[in-house]
Amino acid sequence: MSRPLKIMLVAAEASGDALGAGLAKALRGRLGDVVSFVGVGGPRMAAEGVVSPFDIAELSILGWIEGLRAYGKVKRRVAETAALAEKEKPDAVVLIDSWGFTIRVAKAIRAARPDVPLIKYVGPQVWASRPGRARTLAGAVDHLLALYGFDAPWFEREGLATTVVGSSALHIDMTQADGQAFRARRGIAADTKLLLVLPGSRPSEISRMTPVYEETARKLKAMDPALEIAVVAAGTVAGDVAGRVAAWPFRVHLVDEGEKYDAMRAADVALATSGTVSTELALAGAPMVIAYRIDGLSYQLMKRMVTAKHITLFNVAADDRIAPEYIQHEATPALLASAVGRLLSDPAQAQTQAERQTAALDLMGRAGPDPSELAADAVLRVIAAKAASEGR
């Protein structure tokens, strides 16, 4: 191909924005000025040259009911994204995570531009629920970049070419994370227990989980008044978290993204909303308790389709409940305080759990090459195969 490549990247929430930025950086590292980017994304992708036509924060939707309420907005953004593809005529489109949004974008672009290669980066978790989505995806895109080895067979059985690239979360460098420095900055003695709370990165997670965690922390403080509490405020919801935590009736150390890993190293135990953060905590060696709640009606609809025994990825990989999980009606302050309290009061149990968490990361592919580099290789292979088939 004599002309420069133009690649469209589409991400609809913070985790996808990070993946898109990593992929763009890896592609530019190979091709330099011979590649340009268009698409939809957040601030990290913008820093790599992807100028988004709208703010993706409005697409961070969780649950069936929330999805129905936002359907009109999503439909408009899908149309805008497909129109962007029609206007820019990229050599390939990479659709990152966010199943509900990106599958609609894939179908819209396919209808408008049937010739452009469509690549899905992160498939739906069909091993957990709705396995029929594997066939749907196979009919909508040309290639899948999967994060884990246990993902691939589900899609390959449906005829979708799949490359396992690994998860970027498994390659976070924790060697510079300094728990002692975090404690020193916050005036927390080395022998004082520290609970790290990670309420999530979506607005709906913050609104549902933060009150639960406040009451959980209240119960734990009643049992041990010296217990210190730190709360991570993810960048996309930092203001919301800060406002809510300011009203808690005890001292809270608010943690921003810049010192999150230091705080993970410093924590005796973590209480976290289910998500990628569980992998980060395991890398940091922090024993954890996982909790999750969604809209009640969404949960009633979803639980009929869920087949997985666990929701935490290293639990799934190990096929064992290494970290305790409390979902929906079980995610109560009483049960969470009891689970966290057991780990706080028994350092040996906490240490054993932390070691088992870390060991399970190897089953997820921790020792593999850099995922962004593998993803870049796969994208270029798909583009080259398309060009070869057209005699270019």
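Just so it is clear, the structure is predicted and the values come from calculations on it, not from any experiment.

K.L.:
Which residues make up the overall build of the protein chain, and what values go with them?
P.N.:
Along its length, the protein chain carries 17 helices and 12 strands. Counting only C-alpha atoms, the protein chain reaches 70 × 45 × 35 Å along its principal axes. A fraction of 70% describes how many contacts in the protein chain between residues 6 or more apart in sequence connect residues 24 or more apart. Per element, the accessible surface of the protein chain, about 16600 Å² overall, is 54% carbon and sulfur.

K.L.:
Outline the side chain of Glu-325, listing residues and values.
P.N.:
Within the fold, Glu-325 resides in strand β12 (residues 325-327). Classification of Glu-325 by relative accessible area gives buried; the value is 5%. Only 2.9 Å separates the side chain of Glu-325 from the side chain of Asn-315, close enough to count as a polar contact. In this view, Glu-325 contacts Ile-290, Lys-309, His-310, Ile-311, Thr-312, Asn-315 and Glu-330; residues no more than four positions away in its chain are not counted.

K.L.:
With reference to specific residues and values, describe the packing of helix α4 (residues 71-88) against helix α5 (residues 99-112).
P.N.:
Contact geometry of α4 with α5 gives a least axis separation of 9 Å together with a crossing angle of 40°. Of the possible angle classes, the one that applies to α4 and α5 is oblique. Helix-helix and strand crossings are classified by hand; for α4 and α5 the assignment is right-handed. Mapping the contact onto sequence places Tyr-71, Val-74, Arg-77, Val-78, Thr-81, Ala-82, Ala-85 and Glu-86 in α4 and Phe-101, Arg-104, Val-105, Ala-108, Ile-109 and Ala-112 in α5. Broken down by class, the residue content of the contact of α4 with α5 amounts to 10 nonpolar, one polar and three charged.

K.L.:
Give me the lowdown on the sheet that holds strand β2 (residues 35-40), citing residues and values where you can.
P.N.:
If you trace the six strands from one edge of the open sheet to the other, you get β2-β1-β3-β4-β5-β6, paired in parallel fashion. Every other strand in the sheet has two partners, leaving β2 and β6 (161-164) as the edge strands with one partner each. Neighbour-to-neighbour, the strand axes of this sheet turn through a mean angle of 20°, independent of strand direction. Two elements, strand β4 (residues 118-121) and strand β5 (residues 143-146), share three bridges in a ladder whose sense is parallel. Paired with Ile-119 across the bridge in β5 is His-143. Sheet strands touched by helix α1 (residues 14-31): β1 (5-11), β2, β3 (92-96) and β4. Its angle to β1, the strand with the most contacts, is close to 165°.

K.L.:
Now, about the environment of Ala-378: what can you tell me, with residues and values included?
P.N.:
Looking at the secondary structure, you find Ala-378 in helix α17 (residues 371-389). A residue is classified by how much of its surface remains accessible, and Ala-378, at 1% relative accessible area, is buried. On a C-alpha basis, the gap between Ala-378 and Thr-162 in space is 9.4 Å, while along the polypeptide they are 216 residues apart. With residues near it in sequence (within four places) discarded, Ala-378 still touches Leu-145 and Thr-163.

K.L.:
A description of the packing of aromatic side chains should follow, citing residues and the corresponding values.
P.N.:
What the rule picks out here adds up to three aromatic pairs. Here the aromatic rings of Tyr-148 and Phe-150 are separated by 5.3 Å at their centres, their planes lie at 10°, and the arrangement is stacked. Ring pairing ties together the aromatic residues Trp-127, Tyr-148 and Phe-150, which thus form one cluster. Against the face of Trp-99 rests Arg-133, its NZ or CZ located 6.0 Å from the ring centre. Lying across the ring of Trp-154, Arg-157 places its NZ or CZ 5.2 Å from the centre.

K.L.:
If you had to explain the sheet that holds strand β7 (residues 194-198) to someone new, which residues and values would you point to?
P.N.:
If you trace the six strands from one edge of the open sheet to the other, you get β9-β8-β7-β10-β11-β12, paired in parallel fashion. The two strands at the open ends of the sheet, each matched to only one other strand, are β9 (252-255) and β12. For this sheet, the mean angle separating the axes of adjacent strands, direction not counted, is 20°. Relative to β9, strand β8 (residues 228-232) runs parallel, the two sharing four bridges.

How each quantity is defined
Residues numbered from 1 in each chain as written. Predicted model: local features only at pLDDT ≥ 70, side-chain atom pairs only at ≥ 80, totals over all residues. Heavy atoms only, no water. Helix = DSSP H or I, 4+ residues; strand = E, 2+ residues; numbered from the N terminus. Contact = heavy atoms within 4.5 Å. Areas by Shrake-Rupley, 256 points an atom, 1.4 Å probe, with all protein chains shown as cover. Buried < 20%, exposed > 50% of the residue type's maximum accessible area, 1.4 Å probe, protein only. Polar contact = N/O pair within 3.5 Å; in protein donor to acceptor, adjacent residues only side chain to side chain. Axes fitted to C-alpha atoms, helices over the stretch in contact; angles between N-to-C directions. Parallel < 35°, antiparallel > 145°, perpendicular 65-115°, else oblique. Left-handed = near helix turned anticlockwise from the far one by under 90°. Nonpolar A, V, L, I, M, F, W, Y, C, P; charged D, E, K, R; others polar. Pairing = 2+ DSSP bridges. Phe/Tyr/Trp six-rings, centres within 6.5 Å; stacked < 30°, edge-to-face > 60°. Lys NZ or Arg CZ within 6 Å of the ring centre and 35° of its normal.

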